[in-house]
Amino acid sequence: MSTEQPDDGNSYLWFVAAGLALYCVVLTAVTGDIGFDGDDWWVLACPYWSSFPDSLLLYVRKFLRPVEGLYWISLFELFGFNKVVFHLCSLLLLAGSSVLMGVSLDRAFPSRRDWVSIAVLLSFFLPTVSCLTYMLFTDNSRLSMLLFWTSVLAFQRWAQKSLTWSGLALPTVLYVCSFLTYEASSFLLFVVPLLVWPVHRGCSGQPSHRTFLVRLCVGILVAFAAALAVRFAFLNGGAVGHSYLFPPFELLWSYLALLPFYLLAPFTSMSADRWALLVGLLVVVGTAGLLLFSSVGRSKRQVTTEGRFEPGSQRYLVVLGGGILVLGMLPYQLAGYGSFTPPLVETLMAKCGLMPEGDLSWFNFNWSSRIYSSASFGLAILLASGLSGWRSQSLRLVGKAAAVVVIGFMAVFHAGLSVDWREAAEIRNDLVRSLVSQVPEVKAGTNFVFLDIRCSHKRAEVIRQENGLRELVGMLYADHTLGAWHVNPHAYRRSDDLSRQAVAMPSGFLSRGQRQNEPAPHESLLLFKKSGRELVLLDRISAKDGSVPAGIAWRGVEHLTSNFARIEGWSRAIKPKARLSRIALRSGLISTLQLRWLKSTVASFRGRKYVVVREALRRHVFKARLPRVGAHLWLVSP
């Protein structure tokens with residue numbers, strides 16, 4: 001096997017880093033402000049209500065992940081609800097993780113620059129990870145991988161320089177930070193020897209191989225034990241518990257079997273947006289230039305494909321990529337992701353055509369591919385090995401051309417998702433506007449109940465289940481005491497299975513997310529149902545009207561009624577210095593929801609957009625209590 005070193009070091013990786021950074025900036029500009037959704041409101045509620053460092057302490061107590069909390073809270077303190085900045089940081093985190101992986105691979109296998117280049121670009125553009133950059137709440141997986149690859153570089157530097165026991169402190173600390181940020185990288189520590197061993201072999205004057213391996217293995221075990229000790233001693237076992245000691249075989253094979261459907265998506269659902277196509281063309285040109293640049297000045301060499309398990313051989317690289325792939329999925333499998341209803345196997349069978357009516361919850365490009373967030377780096381290594389690991393010069397050229405085409409399609413797919421997310425943001429903002437137009441303010445302790453609010457638009461999510469609803473409503477109305485709950489008209493499981501149903505009973509209303517002994521009182525309810533791009537305030541719902549066929553278990557009551565007396569009058573709710581404006585305007589909440597000041601309540605009853613307000617005033621008894629006085633109101637322009 002050739003061990004020829006490149007003459008110009010890893011300068012080609014600077015080209016990769018610059019190209020990915022430029023792509024991140026361009027895509028952020030093309031995407032614009034797509035707002036926040038779901039778990040994002042969970043994340044941002046802590047710094048919204050509390051100042052630093054109290055917000056960080058609150059976040060750690062609530063979510064048990066201190067590093068991600070520091071990252072998100074710092075960004076919020078600097079930029080508020082600025083989704084453009086958050087989106088750019090999401091992209092840069094993924095780009096940084098990919099580049100750091102490339103640096104570590106280049107240190108271990110300096111003669112495989114084509115393979116490294118392709119692996120870096122694939123680890124960024126694979127649809128299983130690139131699609132997640134549009135969602136703030138998935139940043140923790142990218143930050144975790146960034147810290148993990150930094151720890152790998154620290155281990156490699158230790159192998160090159162000191163090999164002392166004290167030298168293991170830095171990589172250990174970095175790995176523990178990665179582990180405590182998000183669990184996806186937790187088991188990847190055990191592939192580190194495959195990345196550090198080649199570095200040690202290439203150094204002269206080092207201690208014996210036995211001494212090196214003993215110290216490295218002890219360091220890895222100490223790092224893993226330290227991460228577990230911190231998690232269980234100080235963080236109450238972490239944010240996510242384990243469902244299995246060893247994952248069931250069904251999860252092992254179904255995770256792998258679903259992957260090809262994700263990989264085929266860029267070729268089966270290509271975007272026709274001109275900006276996405278332009279971005280994809282630029283990526284193709286840049287990738288071709290990179291592969292040409294990485295080959296300049298090098299003598300022709302033979303890629304080893306023989307059976308010897310040597311660093312840099314195809315077998316070695318396949319084991320490395322396969323190890324990252326399997327160990328990257330393992331934390332999700334141990335936590336039981338995909339084993340609960342609806343199971344991942346059902347999604348797989350539906351995609352294979354074996355269950356036409358099967359649930360597709362585990363195949364989408366807005367959250368479910370997160371189970372591959374760390375495994376995708378191993379997948380990128382495997383695919384790069386297949387595209388670049390040919391002995392024939394002509395086949396290597398074909399492999400490079402194929403890599404350029406594949407990466408180009410993936411880039412178009414990734415950029416095309418921005419169109420879906422922009423349109424989804426417009427729908428979400430319309431829903432919020434319709435809510436505020438009907439309910440400008442409410443009394444403390446009001447509980448909003450939303451029927452069938454969960455919706456998606458093409459490949460983007462508009463409202464994702466009930467996640468973050470309560471936090472959004474609380475911030476919008478500047479009131480901690482408000483509740484917001486979701487009712488799915490059709491239960492996830494059988495109609496007689498109450499595990500995911502809401503419950504209506506004489507003592508009140510219970511939904512997922514509420515404490516079982518604290519139902520929402522009937523007199524505190526306001527009921528809404530999504531109709532197109534608006535939320536409609538309902539008088540009542542019952543077991544017989546068909547509005548919630550299986551979403552509510554009726555126990556001793558036959559209907560739920562909106563209490564319109566909970567809605568405050570215009571003049572009392574909206575004042576020039578109302579508490580709603582103080583935090584909301586300064587933080588950018590009103591801006592990101594595309595709301596604005598409307599100078600008069602009289603004007604709010606004019607125009608097609610405000611029909612729902614006019615109808616509400618006609619129908620409900622509280623209309624007599626709303627004086628027509630000049631005031632400020634959160635509403636939208638026609």
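Use the structure listed above.
What comes next concerns the included structure. What you see is a predicted model; the values in this text were computed from it and never measured. (Residues numbered from 1 in each chain as written. Predicted model: local features only at pLDDT ≥ 70, side-chain atom pairs only at ≥ 80, totals over all residues. Heavy atoms only, no water.)

### Section: the overall build of the protein
So, point 1. The number of helices and strands found in the protein is 22 helices and 13 strands.
So, point 2. In the protein, which comprises 638 residues, the proportion classed as buried is 58%.
So, point 3. For the protein, restricting intrachain contacts to residue pairs at least 6 apart in sequence, the fraction spanning at least 24 positions comes to 79%.
So, point 4. With an accessible surface of roughly 26300 Å², the protein has 62% of that area assigned to carbon and sulfur atoms. (Helix = DSSP H or I, 4+ residues; strand = E, 2+ residues; numbered from the N terminus. Buried < 20%, exposed > 50% of the residue type's maximum accessible area, 1.4 Å probe, protein only. Contact = heavy atoms within 4.5 Å. Areas by Shrake-Rupley, 256 points an atom, 1.4 Å probe, with all protein chains shown as cover.)

### Considerations on the packing of aromatic side chains
So, point 1. Scanning all chains against the criterion turns up 38 aromatic pairs.
So, point 2. For the ring pair Phe124 and Phe125, a centre distance of 4.8 Å and an interplane angle of 80° mean the geometry is edge-to-face.
So, point 3. Among the residues examined, Phe124 registers a relative accessible area of 0% and is labelled buried.
So, point 4. Here Phe125 falls in the buried class, since its relative accessible area comes to 2%.
So, point 5. By the ring-pair criterion, three or more aromatic residues cluster together here, those being Phe36, Trp41, Tyr48, Trp49, Phe76, Phe81 and Phe86.
So, point 6. Seen from the ring of Phe36, Lys83 lies directly overhead, with NZ or CZ sitting 5.3 Å from the centre. (Phe/Tyr/Trp six-rings, centres within 6.5 Å; stacked < 30°, edge-to-face > 60°. Lys NZ or Arg CZ within 6 Å of the ring centre and 35° of its normal.)

### Observations regarding a nonpolar patch on the surface
So, point 1. Together, Trp275, Leu278, Leu281, Leu282 and Val285 line one region of the surface with nonpolar side chains, adding up to about 500 Å² of accessible area.
So, point 2. In this fold, Trp275 is placed in helix α13 (residues 274-293).
So, point 3. Owing to a relative accessible area of 42%, Trp275 belongs among the partly exposed residues under this scheme. (Patch = residues over 30% accessible without salt bridge, like charges linked within 9 Å, V, L, I, M, F, W, Y side chains within 5 Å. Salt bridge = Lys/Arg side-chain N within 4 Å of Asp/Glu carboxyl O.)

### As for the environment of Ser117
So, point 1. Assignment of secondary structure puts Ser117 in helix α6 (residues 113-125).
So, point 2. With 14 residues separating them along the chain, Ser117 and Val103 place their C-alpha atoms 10.0 Å apart.
So, point 3. If near-sequence neighbours (up to four positions away) are discounted, Ser117 is found in contact with Tyr12, Leu290, Leu291 and Ser294.

### Focus: the sheet that holds strand β1 (residues 447-451)
So, point 1. Spatial strand order, β4-β1-β7-β8: four strands in an open sheet with mixed pairing. In this open sheet, the two strands that pair with only one neighbour each are β4 (483-487) and β8 (534-538). On average, each strand axis in the sheet is tilted by 30° relative to the strand beside it, whichever way the strands run.
So, point 2. Against the sheet, helix α17 (residues 393-438) makes contact with β1, β7 (525-531) and β8, and its axis sits at roughly 35° relative to β8, the strand it touches most.
So, point 3. Helix-sheet contacts for helix α18 (residues 469-476) involve β1 and β4, and the interaxial angle to β4 is about 140°. (Pairing = 2+ DSSP bridges. Axes fitted to C-alpha atoms, helices over the stretch in contact; angles between N-to-C directions.)

### Some details on the environment of Cys352
So, point 1. Position of Cys352 among the secondary structure elements: in the loop between α15 (344-351) and α16 (375-388).
So, point 2. Along the chain, Cys352 and Ala257 lie 95 residues apart, while their C-alpha atoms are 10.0 Å from each other.

### Quick word on the packing of helix α3 (residues 54-63) against helix α4 (residues 66-79)
So, point 1. Between α3 and α4, the least distance of the axes is 9 Å, while the angle of their chain directions is 145°. Judged by the twist between their axes, the crossing of α3 over α4 is right-handed. Residues Ser55, Leu56, Tyr59 and Val60 of α3 lie in contact with α4, whose contacting residues are Pro66, Glu68, Gly69, Leu70, Trp72, Ile73 and Glu77.
So, point 2. Among the residues forming the contact of α3 with α4, the class breakdown is seven nonpolar, two polar and two charged. (Left-handed = near helix turned anticlockwise from the far one by under 90°. Nonpolar A, V, L, I, M, F, W, Y, C, P; charged D, E, K, R; others polar.)

### Description of the sheet that holds strand β6 (residues 508-510)
Strand pairs in the sheet, formed through backbone hydrogen bonds, run parallel or antiparallel to each other.
So, point 1. Spatially, β6-β5-β10 is the arrangement adopted by the three strands of the open sheet, whose pairing is mixed. The open sheet has two free edges, formed respectively by β6 and β10 (552-554), since each of these has just one partner strand. In this sheet, neighbouring strand axes are inclined to one another by 20° on average, regardless of whether the strands run parallel or antiparallel.
So, point 2. Bridge analysis of strand β5 (residues 502-505) against β6 gives three bridges, and the strand direction is antiparallel. Bridging from a neighbouring strand, Met505 pairs with Gly508 of β6.

### Some remarks on the nonpolar core
So, point 1. Residues Leu105, Phe125, Phe448 and Phe450 are the most contacted members of the largest nonpolar core, which totals 171 residues.
So, point 2. Of all the elements, α17 adds the most residues to this core, at 16 residues.
So, point 3. Discounting residues that sit within four places of it in the chain, Leu105 has contacts with Trp115, Val116, Ala119, Leu195, Leu320 and Ile381.
So, point 4. Ranked by size, the runner-up nonpolar core spans 16 residues in total, among them Ala504, Leu527, Ile541 and Ile552. (Core = buried A, V, L, I, M, F, W, Y, C linked by side-chain atoms within 4.5 Å.)

### A closer look at the pairing of strand β3 (residues 460-463)
So, point 1. Here strand β2 (residues 455-457) runs beside β3; their pairing, made up of three bridges, is antiparallel. Considered in β3, the bridge of Ser456 is made with Glu461.
So, point 2. Between β2 and the antiparallel strand that follows it, β3, lie two residues; Lys458 among them carries a positive phi value of about 55°.

### Digging into the packing of helix α12 (residues 249-268) against helix α14 (residues 314-334)
So, point 1. Interhelical geometry of α12 versus α14 gives an angle of 120° and a closest axis separation of 11 Å. Taken as axis vectors, α12 and α14 run oblique relative to one another. Seen from above, α12 lies across α14 with right-handed handedness. Here Leu251, Leu252, Tyr255, Leu256 and Leu259 of α12 lie close against α14, whose contacting residues are Leu325, Met329, Tyr332 and Gln333.
So, point 2. A class-by-class count of the residues in the contact of α12 with α14 yields eight nonpolar, one polar and no charged. (Parallel < 35°, antiparallel > 145°, perpendicular 65-115°, else oblique.)

### Here we look at the side chain of His414
So, point 1. Structurally, the position occupied by His414 is in helix α17.
So, point 2. Of the residues examined, His414 reaches a relative accessible area of 0% and is grouped as buried.

### Topic: the pattern of salt bridges
So, point 1. The tally for this structure, following the rule as stated, stands at 13 salt bridges.
So, point 2. Arg428 serves as the salt-bridge partner of Asp37, at 3.9 Å between the closest nitrogen and oxygen. Of this pair, Asp37 sits in the loop between α1 (11-31) and α2 (39-49) while Arg428 sits in helix α17, and the two are 391 residues apart along the sequence.
So, point 3. Note that Glu310 and Arg201 form a salt bridge whose closest N and O atoms lie 2.9 Å from each other. Taken as a pair, Glu310 in the loop between α13 and α14 and Arg201 in helix α10 (residues 192-201) lie far apart in primary sequence, 109 residues in all.
So, point 4. By relative accessible area, Arg201 is classed as partly exposed at 42%.
So, point 5. Residues joined by salt bridges that share partners form a network here, namely Arg65, Glu68, Glu183 and Arg231.

None of the figures reported here should be taken as evidence of function without further support.
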